[in-house]
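# Fold and geometry: a report
Here is what each chain is made of, one letter per residue.
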Amino acid sequence: MLVKDVMHGPVISVGPEWTLEDAYKLLLERGIRHLPVVADGRLVGIITDRDIRLATSHLNPQGPCPGCTQVGDVMTKDVITSHPLDPVEEAARVMRERKIGSLPVLEDGRLVGIVTGIDLLDALLKLTGVTEPSGRLEVRLPDRVGELARLTGFLAGRGVNIHSLLSYPEDGDRVRAVVRVNTLETHLLAEGLRQEGFDVLWPPKKPW
Amino acid sequence: MVIYREEYRLYDLGPHHPFSPVRLEMLTSLLKALGVWQEPLAPPEATREEVLSVHSERLVRRVEAASRGEKVSDLEHYGLGTGDTPVFPGMDQAARVLVGGTLEGARRILAGEKRVLQLGGGLHHAQYDRASGFCVYNDLSVAIRRLTRAGLRVAYLDIDVHHGDGVQWLHYEEKEVLTLSLHESGRYLFPGTGHVHEIGKGGGAGRKLNLPLEPFTEDESYLEVFEALVPWALAAFRPDVLVVQAGADAHFLDPLADLLLTTRAYERLFRLVLQYAEAYAGGRVLFTLGGGYSLDAAVRVWALLYHVFHGLSLPERLPEGWRSAWEARLGKPLTPTLHDPRAPYPEIPRKPEIEKRNRLTLQRLTELVGPHLLH
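Parameters and conventions
Residues numbered from 1 in each chain as written. Chains lettered and ligands numbered in written order. Predicted model: local features only at pLDDT ≥ 70, side-chain atom pairs only at ≥ 80, totals over all residues. Helix = DSSP H or I, 4+ residues; strand = E, 2+ residues; numbered from the N terminus. Rg over C-alpha atoms; globule rule 2.2 N^0.38 Å. Buried ≥ 20, exposed ≤ 12 C-beta atoms within 10 Å, placed from the backbone. Contact = placed C-beta atoms within 7 Å. Pairing = 2+ DSSP bridges. Axes fitted to C-alpha atoms, helices over the stretch in contact; angles between N-to-C directions. Nonpolar A, V, L, I, M, F, W, Y, C, P; charged D, E, K, R; others polar. Right-handed = clockwise from strand over helix to strand, strands pointing away. pLDDT = per-residue confidence, 0-100. Parallel < 35°, antiparallel > 145°, perpendicular 65-115°, else oblique. Core = buried A, V, L, I, M, F, W, Y, C linked by C-beta atoms within 7 Å. Expected span 1.5 Å × (residues − 1).

### Notes on the overall build of chain B
Looking only at helices and strands, chain B features eleven helices and seven strands. For 375 residues, the compact-globule formula gives about 21 Å, and the C-alpha radius of gyration of chain B, at 19 Å, lands near that figure. Dimensions of chain B, computed from the C-alpha atoms along their principal axes, are close to 55 × 50 × 40 Å. Looking at chain B residue by residue over its 375 residues, the buried ones come to 54%. Considering only contacts within chain B whose residues lie at least 6 apart along the sequence, 75% involve residues at least 24 apart.

Take a look at the structure:
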């Protein structure tokens, strides 16, 4: 999954000469939180609803003046950006490490999109969510060559289609695989997997 | 009034398939052995046009072709020819026979009948454009559509352990249909949907209710949330008729799912549903069967339904002759009494946590749909 698959464009942006008041109105109207700032077709900064609220707070030593302060005075100038072909996980890592809420997406210096935390949550939902009627299997695998293939091979042998497969490392050289399969009969699959020596975490074995 | 015909058993997905016609054979033979069987009404099969009242032409065309044994390249795209819903010769007609029974129930209700028990059907996973989860055609939705087209407001109650997704999606934007599904959480179990936040769209907003329950939910907790939710929703919606999918797979013996109801909970549920029908739906109620894959449990649950439906007193033990004949045929022991024995499974260590989570889910659901339902 790449940034271009989750980003939004065309981007709603403002110029540095806009007043904070106008920029804030635009944020409210469009129901967004981040505004890239563009001058002469180039990205020169980014301003968020939080920047505007802080700049116009009564606690601001200069006193608030939303109608006379310009976006260019308040915006963040060294913008961290992304590229459409960056992997989504890289965008997520940058946003997490820099503690920022969005990344403008540039291609050949042109602003082509924006990725926000909400887009990354959508990506997570797509990766983990239910898009087809399906049941869930959870299997703990040894972290070594061929184990996942053994699991998917078993499912293929049973004529079961895999709708989604998620795996993540656990402590102690093990990998958790969460598989959504197109069947009601996950208990039967679990039983077959256990007979083949798999450590099936869900569905559980019933003691009666 | 009871609706049934032998041809229901033609809906046969194969010798090892859990949705087995043996369930009906066992149930009717038990009711006969108990001496309570009355000649049921034999319904006509549903027509192609009636099926098309809820399904797409392209799905029906594929079911018909597969039924005749023709090769169809994109069957799987329509949920057919899969391990769960394999094709078999004559499946179109077999499915239409089941639809016909539930549809006949709707017609009888419209003709003034109060209580109808359809001893089959309940194929709640079938969708507009797709067969799914053992279900080819959605008999429930065909019947519901017949009722709403006659101007009735329909409340659909689904106690199958799986989410009633097909019925929910088919009526998702309809104002005159309330769907109410209690099921094991889709976090783990098929079909994966049925979250509290699926509440309907457009005119149907707030009229599609889902109560996903924790795996290993027991009688007490199930009844607690059922008794809090169902009368509340019915009182607010004021239906003209109640359609009930009475799947028996929330039973603790069911091999496909993880809820732990006993026959005692089912007896209470069936009595409550009849009370609710009287109190909120003019006494009009149409029951169908549904899932239920432990032969031992499903047959006893539906025998209970038959007795409660007719107001018969409950037998304690099942006829010895019937039991020994079926034990010989199935090669395994059967519970000798109508009800389960007391404390039939070991204590569940997480019980208080499960109860708490179910209460929280109920609270979230009522907060979400309350503003829509109560106006």
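Don't stop here, the text continues.
### Quick notes on the overall build of chain A
Check the secondary structure of chain A and you find eight helices and eight strands. Compactness check: chain A gives a C-alpha radius of gyration of 24 Å against a globular reference of 17 Å for 208 residues, more than 25% above the reference. Once the C-alpha set of chain A is aligned to its principal axes, its extents read approximately 75 × 40 × 35 Å.

### Some words on the sheet that holds strand β1 (residues 2-3) of chain B
All names here are of chain B. Read from one edge of the open sheet, seven strands run β1-β2-β7-β6-β3-β4-β5, paired in parallel fashion. Looking at strand neighbours, the two that pair on one side only are β1 and β5 (208-213), the edges of this open sheet. Taken together, the five bridges between strand β3 (residues 154-158) and strand β4 (residues 177-184) define a ladder with parallel strand orientation. Across the sheet, Asp158 pairs through a bridge with Ser181, a residue of β4. Relative to the sheet, helix α4 (residues 91-110) contacts β1, β2 (115-118), β6 (241-245) and β7 (285-288), its axis offset from that of β2 by approximately 175°. In the packing of helix α7 (residues 219-237) onto the sheet, the strands contacted are β3, β4 and β5, and the crossing angle to β4 comes to about 175°.

### Examining the interface of chain A and chain B
Opposite the 17 residues of chain A that make contact, chain B presents 22 residues. Across the side of chain A that touches chain B, the residue classes tally to eight nonpolar, six polar and three charged.

### Quick look at the sheet that holds strand β5 (residues 135-142) of chain A
Residues and elements named next belong to chain A. With antiparallel pairing, the four strands of this open sheet are ordered in space as β6-β7-β5-β8. The outermost strands of the open sheet, each flanked by one partner alone, are β6 (162-170) and β8 (199-202). Recorded for the sheet is a direction-independent mean angle of 25° between the axes of neighbouring strands. With three bridges connecting them, β5 and β8 associate as antiparallel partners. Among the inter-strand pairings, Arg140 is bridged to a residue of β8, identified as Asp199.

### Quick word on the environment of Arg130 of chain B
Summarising the element assignment, Arg130 of chain B is placed in the loop between β2 and α5 (139-149). Between the C-alpha atoms of Arg130 of chain B and Arg58 of chain B, which are 72 residues apart in sequence, the distance is 9.5 Å.

### Some remarks on the pairing of β6 of chain B
Residue and element names in this part refer to chain B. With respect to burial, β6 is a largely interior element, five of its five residues being buried. Side chains of β6 alternate between two faces, with Val241, Val243 and Gln245 and Leu242 and Val244 buried alike. Sheet topology note: the β3/β6 ladder contains five bridges and is parallel. Among the inter-strand pairings, Leu157 is bridged to a residue of β6, identified as Val244. Bridge count between β6 and β7: four bridges; the pairing is parallel. If you follow Leu242 over to β7, its bridge partner there is Val285. Considered for its hand, the β-α-β crossover made up of β6, helix α8 (residues 263-280) and β7 is right-handed.

### A short note on the confidence of the model for chain B
Averaged over chain B, the pLDDT score is 97; the fraction of residues at 70 or greater is 100%. Across the interface, the model reports ipTM at 0.83; the global pTM reads 0.90.

### Considerations on the packing of α7 of chain B against α8 of chain B
Residues and elements named next belong to chain B. At a minimum axis separation of 11 Å, α7 and α8 run at an interaxial angle of 10°. Classified by the angle their axes make, α7 and α8 are roughly parallel. Taken together, the residues of α8 that come into contact with α7 (itself represented by Asp219, Tyr222, Leu223, Phe226, Glu227, Val230, Pro231, Leu234 and Ala235) are Arg264, Ala265, Arg268, Leu269, Leu272, Tyr276 and Tyr280. Residue classes in the contact of α7 with α8 are distributed as twelve nonpolar, no polar and four charged.

### Considerations on the nonpolar core
The tendency in soluble globular proteins is for nonpolar side chains to be buried as a group. With 117 residues, the main nonpolar core has Ala155, Tyr156, Leu242, Val243, Leu286 and Trp302 of chain B as its most contacted residues. The biggest single contributor to this core is helix α9 (residues 295-310) of chain B, with eleven residues. Once residues lying within four places of it in the same chain are set aside, the contact partners of Val243 of chain B are Leu140, Ala143, Ile144, Val154, Tyr156 and Leu286 of chain B. With twelve residues, the next largest nonpolar core counts Trp18, Leu20, Ala23 and Ala55 of chain A among its residues.

### Focus: unusual backbone geometry
Following Gly9 of chain A, the chain continues to Pro10 of chain A via a peptide bond in cis, the omega torsion being -5°. Structurally, the position occupied by Pro10 of chain A is in the loop between α1 (3-6) and α2 (20-30). Backbone geometry places Phe134 of chain B, a non-glycine residue, at a positive phi of 75°. Within the element layout of this structure, Phe134 of chain B appears in the loop between β2 and α5. One non-glycine residue, Arg238 of chain B, adopts positive backbone phi at about 50°. When you line up the elements, Arg238 of chain B lands in the loop between α7 and β6.

### As for the packing of helix α3 (residues 57-67) of chain B against α4 of chain B
Residue and element names in this part refer to chain B. Two elements in contact, α3 and α4, have axes separated by 7 Å at closest approach and are oriented at 125°. If you check the angle between α3 and α4, you find them oblique. Counted together, Val63, Glu64, Ala66 and Ser67 of α3 and Met91, Asp92 and Ala95 of α4 form the full contact between these two elements.

### Description of the confidence of the model for chain A
Model confidence for chain A is summarised by a mean pLDDT of 94, while 100% of its residues fall at 70 or above. When pLDDT is averaged over each helix and strand of chain A, the minimum, 89, is found for helix α6 (residues 117-128) of chain A and the maximum, 98, for strand β1 (residues 34-39) of chain A.

### Some remarks on α9 of chain B
All names here are of chain B. Spanning 16 residues, α9 covers 22 Å between terminal C-alpha atoms, matching the ideal 22 Å at 1.5 Å per step. Among the 16 residues of α9, twelve are classified as buried, and the element is accordingly described as predominantly covered. All buried positions along α9 are accounted for by Leu295, Ala297, Ala298, Val299, Arg300, Val301, Trp302, Ala303, Leu304, Leu305, Tyr306 and Phe309. In the core, the buried residues of α9 are packed alongside α1 (22-33), β2, α8, β7 and α10 (320-330). Looking one or two places after α9, you find Gly311, whose phi comes out positive at around 65°.

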